[in-house]
Amino acid sequence: MPGIRPLLATVVAAFALSSTASAQGPTPVAAKKPLDHAAYGIWNRIAGSALSSDGRFALYALASDSADGTLHVAGVSSAAGSTVIPRGTAGVFTDDGRFVVFRISPEQAAVRQAKKEKKKPDQMPQDSMGILDLSTGALTKYARVRSFKVPSDASNAVAILFAKSDAKPDSARSDSTKAPAPSPGATPVRPEEPGKMPEPNPSSGAAPAPKPAKEAKRDEGTELVVRTLATGQERRIADVVWYDFSDDGRTLVYVAGNKAGTADGVYSLDVASGAVSTLLAGKGNYRQVTLSKNGQVAFLSNTADFTTAQPEFSVYLSSGAAPARRVVAPGAAAMPAGWWVSDNSALSFSESGARLFFGTAPRPESEPDSAAASENEVKVDIWNWKDPLLQPMQLKRLDLERRRTYRAMVSTKDGRIVQLATAEIPDITVANRNDGDIALASTSLPYQQQISWDESASDYYLVDLKNGSSTRILEGAKSFASLSPEGKYITWFDQEARQWFAMDTKSRAVRQISTGIPTALQNEDHDTPDLPNAYGSAGWTLNDDLFLIYDRMDIWAVDPTGKRAPRNITEGVGRQENLRFRYVRLDTDERAIDPSKDMTLSSFHLWTKQDGFYRDRVNGSGQPIRLITADKSLGAPRKAEDADVIMLTRADFSEYPDLWITDTNFRDWRRISEANPQQSEYVWGTSELVSWRSGDGQTLQGVLYKPEGFDPSKKYPMMVYFYERLSDGVHNYVTPAAGSSSINTSFYVSRGYLVFTPDIPYRTGYPGESAFKAVVPGVLSLIAQGFVDENRVGVQGHSWGGYQIAYLVTKTNLFRAAEAGAPVANMTSAYGGIRWGSGMSRAFQYEKTQSRIGGTLWDAPMHFIENSPIFWADKVETPLLMMHNDEDGAVPWEQGIEYFSALRRLHKPVWLVVYNGEDHGLGKPQNKLDWTIRMQQYFDHYLKDAPPPVWLEQGVPALEKGKNLGLDLVTDGSVTAAPSSSSSRGGNR
């Protein structure tokens with residue numbers, strides 16, 4: 001789209017101006033400018049953030065669409081003194097907080113130029129990386145870096161893998177500022193001796209076999225540097241494919257491979273001494289390497305079978321430095337006949353390292369040579385009524401099914417192999433971090449057909465890992481069952497009984513554990529024609545003693561043995577004060593809640609929408625202690641591992657969610673980021689909660705967004721946007737951006753519109769009428785207050801919102817203009833269709849979920865007809881714009897065509913915008929911008945009397961496709977360039 005580049009130039013200039021203006025202080029409201037489409041590119045987003053373990057430093061990256069990003073490293077004790085690294089991103093702290101290791105992205109301009117020149121992938125600008133020493137300020141950089149890693153629990157070293165390059169190894173080093181010079185020992189390191197790959201270990205059984213006629217493909221590596229952070233000493237290793245540190249940083253395990261196969265193998269480097277041990281070597285592939293916490297290394301290799309047409313993988317295990325031994329060989333007796341070890345599944349150790357888990361699968365048939373396929377080959381799908389899944393769904397899941405694996409385990413002590421998952425019961429979870437003697441297995445296979453029209457269901461089995469026996473404990477369950485951390489209990493919520501249950505995994509006794517709780521444990525706002533879900537749980541206390549569950553407001557401790565009555569640990573304060581309490585897990589490694597220690601709770605006021613935090617204890621007898629509440633949106637807090645430091649975001653509609661530092665009492669707050677200072681130059685707005693009574697007499701809430709400088713004595717045009725319930729987001733910040741489908745609230749408010757987002761409760765069988773009874777009274781209640789221009793109200797929505805708008809305009813002329821994105825216009829034709837994005841039948845959503853009809857087409861035909869806008873198209877008098885793309889995988893685009901064709905025949909003002917190759921929502925940036933401009937032109941024309949664009953007034957003939965976008969404006973019969981875009985020329989397919 002030729003109009004994009006001038007726009008980017010405008011964006012860069014705007015960024016320079018905004019930086020100057022923000023340095024000069026606040027801008028008076030009268031001097032501020034409204035947002036325009038050029039502003040999107042200068043808005044930054046925080047792309048990643050982290051706290052050092054000691055809580056002394058924080059880092060975050062800023063990124064935007066128009067400029068290269070920056071990495072910021074700041075001391076948390078003061079907002080001043082931060083280090084800014086151009087193009088830095090993906091930063092991580094070493095465990096001691098002394099070093100920051102980060103990626104450096106190439107310049108956007110260089111990438112664009114390389115793409116323009118159609119350079120090959122290895123000729124494209126590559127990432128670099130940097131190491132910042134926070135104690136000295138020294139900055140070391142490396143060029144052409146593919147990846148890097150640091151140990152999770154140590155700070156001794158960093159490993160750097162370079163991208164493929166024909167350059168000499170030393171050229172990978174870019175520069176070093178204030179960095180100590182590499183020690184004399186910084187020489188290339190090869191296993192065993194420099195320049196020579198070790199011979200395969202004869203005892204491993206991995207000696208190279210005769211070369212087959214057509215050799216299987218192998219992985220090829222590049223150079224790896226292991227740098228000692230304190231000294232700068234480097235060790236270089238050639239041909240590395242994969243690598244990782246042990247948690248303690250003492251060992252680096254890596255896989256090597258080259259074209260000739262002479263480097264192929266798995267090796268272990270002692271980071272301190274530089275000694276390299278060969279775990280297994282020989283021509284072949286080495287995959288899924290994993291390290292245990294106690295120093296073991298496991299991996300898959302097909303080196304022993306590499307010469308066959310389909311080389312089979314075996315599972316190998318090493319103590320960490322000793323040669324690996326094969327613990328699972330092809331054809332192991334524990335595996336089903338015809339199965340093999342699959343390289344599609346990751347290996348994993350149990351917490352203690354006593355067990356190693358791997359994946360098995362039926363051995364696939366050899367793939368036919370595609371070049372030999374006949375040009376007369378028949379390609380056909382056979383739909384059979386007995387198929388568990390519809391053919392489209394099978395085809396969507398084809399790659400997943402081909403790669404499906406089934407969990408098995410081998411004892412690292414005695415080599416005993418157990419096949420855990422089976423084709424009939426494919427999913428299994430082992431208790432006690434995979435060290436338990438109990439597992440929970442499940443299968444949804446018997447219920448696959450019914451997911452076309454009903455909720456998914458599963459059978460659950462209790463598996464005894466000592467003898468492999470299994471017992472079915474739940475049949476056709478529609479809710480999720482889970483194991484307690486120690487494996488003593490299995491819990492689930494019965495949606496029909498609306499109660500929690502627990503099974504003792506030893507005695508197999510089942511108890512209803514929520515008996516006596518007087519409040520509802522299921523979603524009380526549930527309004528779809530299916531069973532309601534539970535509010536959920538906070539987890540378990542130590543030793544599987546108590547299970548913590550939620551009602552709408554409070555937290556309850558229930559005894560899985562049934563001996564103690566449920567206890568409200570938040571003392572009913574949530575229900576008394578209309579607060580929703582939820583547990584906040586500050587320790588990411590926490591396995592269970594210590595009932596004797598303080599726990600942090602988030603709070604949310606269900607009416608005022610205030611966020612906050614409280615403190616409480618499971619074993620405490622007092623009420624929760626309020627730490628903070630605010631008319632803000634407070635993000636999830638993250639705690640420094642070894643310090644009383646919390647980092648979180650704070651926002652409201654006018655305040656970007658910057659990063660703030662506080663303590664675990666949430667007392668002293670310090671902002672450490674200022675992502676978008678340029679916002680002060682733009683007209684913004686405010687958000688507030690409003691309430692009204694629906695057509696059914698319910699008190700509803702919504703959000704009204706007002707322009708900055710709002711004058712209640714004036715009348716404003718108003719946009720209405722809705723999607724079920726949105727009032728909880730009253731304090732959310734809306735970044736100015738070209739959207740994938742819907743209006744941007746900040747943009748419209750900045751340009752003088754009111755924006756209203758009403759909540760909608762639904763009644764089964766009447767989704768369209770439910771929207772009418774909620775939205776129309778809400779709009780009328782605002783008009784009655786005198787500041788809304790009743791002749792200039794527009795409405796916009798997409799998908800489910802688009803359907804409701806398509807329905808509303810058949811029932812009311814309240815709206816001057818409407819846009820319905822990807823609407824269902826005809827429920828009778830849509831009901832039996834396919835959601836091509838997933839391959840699922842659309843019937844389930846009408847019978848059980850969002851469309852809320854609650855029955856089949858033959859059981860409730862009138863509900864389908866009454867709720868289908870197309871049957872009432874002759875009633876439409878509101879101009880209607882639609883976007884419906886030709887590769888929509890959620891709502892068939894034929895639905896938009898049906899409605900457009902009907903309205904066109906009736907001579908109603910209607911437009912259908914179709915972006916070629918786009919899905920349910922737009923993905924390409926140029927299409928997002930184009931659609932955002934078109935919606936603004938459309939609503940500005942009808943609600944602000946702006947001149948219409950060519951595409952709206954005259955259309956764009958097919959002969960002009962790819963030549964003229966029709967964005968120029970028609971004024972007094974002549975065409976002038978649109979002020980909202982730099983060009984109306986461009987090419988969409």
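Just so it is clear, the model here is predicted, and its values are computed rather than measured. (Residues numbered from 1 in each chain as written. Predicted model: local features only at pLDDT ≥ 70, side-chain atom pairs only at ≥ 80, totals over all residues. Heavy atoms only, no water.)

K.L.:
Just give me the short version of the packing of aromatic side chains, but keep the residues and values in it.
P.N.:
In this structure the tally under the stated criterion is 37 aromatic pairs. Pairing phenylalanine 653 with tryptophan 684 gives two aromatic rings, centres 6.4 Å apart and planes at 45°, and the pair type is tilted. Taken together, the positions of phenylalanine 653 in the loop between β44 (646–652) and β45 (655–662) and tryptophan 684 in the loop between β46 (670–671) and β47 (685–693) put the pair 31 residues apart, joining distant regions of the chain. The same class applies to phenylalanine 653 and to tryptophan 684, which are both buried. Measuring from ring centre to ring centre gives 5.2 Å for tryptophan 800 and tyrosine 803, while their planes differ by 25°; the resulting arrangement is stacked. In this pair, tryptophan 800 and tyrosine 803 both sit in helix α9 (residues 800–808), three residues apart, roughly one turn of the helix. With relative accessibility at 1%, the residue tyrosine 803 sits in the buried group. Site record: aromatic cluster; members linked through ring pairs are Trp43, Phe653, Tyr656, Tyr682, Trp684, Tyr705 and Tyr733. Positioned above the aromatic ring of tryptophan 660, the side-chain terminus of arginine 650 is 4.0 Å from the ring centre. Against the face of tyrosine 766 rests arginine 763, its NZ or CZ located 4.1 Å from the ring centre. (Phe/Tyr/Trp six-rings, centres within 6.5 Å; stacked < 30°, edge-to-face > 60°. Helix = DSSP H or I, 4+ residues; strand = E, 2+ residues; numbered from the N terminus. Buried < 20%, exposed > 50% of the residue type's maximum accessible area, 1.4 Å probe, protein only. Lys NZ or Arg CZ within 6 Å of the ring centre and 35° of its normal.)

K.L.:
Summarise the environment of arginine 433; cite the residues concerned and give the values.
P.N.:
Mapped onto the secondary structure, arginine 433 falls in helix α5 (residues 431–434). Owing to a relative accessible area of 33%, arginine 433 belongs among the partly exposed residues under this scheme. With 82 residues separating them along the chain, arginine 433 and glutamate 351 place their C-alpha atoms 5.7 Å apart. In this view, arginine 433 contacts Ser350, Glu351, Pro485, Asp589, Glu590 and Arg591; residues no more than four positions away in its chain are not counted. (Contact = heavy atoms within 4.5 Å.)

K.L.:
Just give me the short version of the pattern of salt bridges, but keep the residues and values in it.
P.N.:
What the rule picks out here adds up to 49 salt bridges. Measuring nitrogen to oxygen at the nearest pair gives 3.0 Å for the salt bridge that ties aspartate 545 to arginine 564. Taken as a pair, aspartate 545 in the loop between β34 (537–540) and β35 (547–550) and arginine 564 in the loop between β36 (555–558) and β37 (567–568) lie far apart in primary sequence, 19 residues in all. What makes aspartate 545 partly exposed here is its relative accessible area of 33%. Under the relative-accessibility criterion, arginine 564 is labelled partly exposed at 41%. Taking the shortest distance from any N to any O, the salt bridge between arginine 792 and aspartate 789 comes out at 3.2 Å. Classification of aspartate 789 by relative accessible area gives buried; the value is 16%. (Salt bridge = Lys/Arg side-chain N within 4 Å of Asp/Glu carboxyl O.)

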